[in-house]
Amino acid sequence: MFFVVDCDLDSYPMLLLAAQYLTYAEAVTLYQQLQAVGVDALVKSCGPPTFPFGEGMYYQLLIEETDTTSAQAVLEAFEQQRTTPTILHCPRCGAPEPAPVSRPAWWKRLFYAGTTLHKCPGCGKEFPR
Ligand SMILES: [Zn+2]
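Residues numbered from 1 in each chain as written. Predicted model: local features only at pLDDT ≥ 70, side-chain atom pairs only at ≥ 80, totals over all residues.

## Observations concerning the pairing of strand β4 (residues 59-64)
The pairing of strand β2 (residues 15-22) with β4 spans five bridges and is classified as antiparallel. Residue Leu15 lies in a different strand from β4, and its bridge partner there is Glu64. Relative to β4, strand β3 (residues 42-45) runs antiparallel, the two being bridged by four bridges. Looking across to β4, one finds that Leu42 is bridged to Leu62. (Pairing = 2+ DSSP bridges. Helix = DSSP H or I, 4+ residues; strand = E, 2+ residues; numbered from the N terminus.)

Structure representation (structure tokens):
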């Protein structure tokens, strides 16, 4: 597992901020992905000082400056995945990107209230999301 260090960045002048505002789960995932390419990241837990919910809400990942080349592909893929909304898949056949049903029947609107009804272009299955 990894070490979570305190907020004193001055102790680590050679480290670069690789990612920030990560949840704990994201920090673990990214840490493991970096390990896989041979990069030892340092995980830092520290909310902004004014953050009302106290420290430790967010995690930052720091890497050595010399590791930036190895880490770059992993970091870019990770960032892209974070900013891309998860693509919906049909629960029956697994086809990606089922289209929202624009005007469902009134009883379906009632039944699926609060969700958006989607229809799979492949198998025709309707499901709420
Ligand atoms: Zn389907």
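## Topic: unusual backbone geometry
At Tyr21, a position not held by glycine, the phi torsion is positive, near 55°. Here Tyr21 lies in strand β2. In this structure Tyr21 comes out as exposed when scored by C-beta crowding, with 12 C-beta atoms within 10 Å. (Buried ≥ 20, exposed ≤ 12 C-beta atoms within 10 Å, placed from the backbone.)

## Points about helix α1 (residues 24-36)
Helix length check: α1 (13 residues) gives 18 Å between terminal C-alpha atoms against 18 Å at 1.5 Å per residue, within 8%. Those residues of α1 hidden inside the fold are in contact with β2, β3, β4 and α2 (68-83). Directly beyond the C-terminal end of α1, a positive phi value near 85° is found at Gly38. (Expected span 1.5 Å × (residues − 1). Contact = placed C-beta atoms within 7 Å.)

## Quick word on the nonpolar core
One finds Ala27, Leu30, Tyr31, Leu34, Ala41, Leu61 and Ile63 to be the most contacted residues of the largest nonpolar core, which totals 16 residues. Mapped onto this core, the elements with two or more residues apiece are β2, α1, β4 and α2. Among the elements that line this core, the one with the most residues is α1, at four residues. (Core = buried A, V, L, I, M, F, W, Y, C linked by C-beta atoms within 7 Å.)

## Quick notes on the packing of α1 against α2
One way to put it is that α1 packs onto α2 with a least axis distance of 9 Å and a crossing angle of 150°. In terms of axis orientation, α1 runs roughly antiparallel to α2. For the pair α1 and α2, the sense of crossing is right-handed. Every residue of α2 that contacts α1 at Leu30, Gln33 and Leu34 is listed here: Ala71, Val74 and Phe78. (Axes fitted to C-alpha atoms, helices over the stretch in contact; angles between N-to-C directions. Parallel < 35°, antiparallel > 145°, perpendicular 65-115°, else oblique. Left-handed = near helix turned anticlockwise from the far one by under 90°.)

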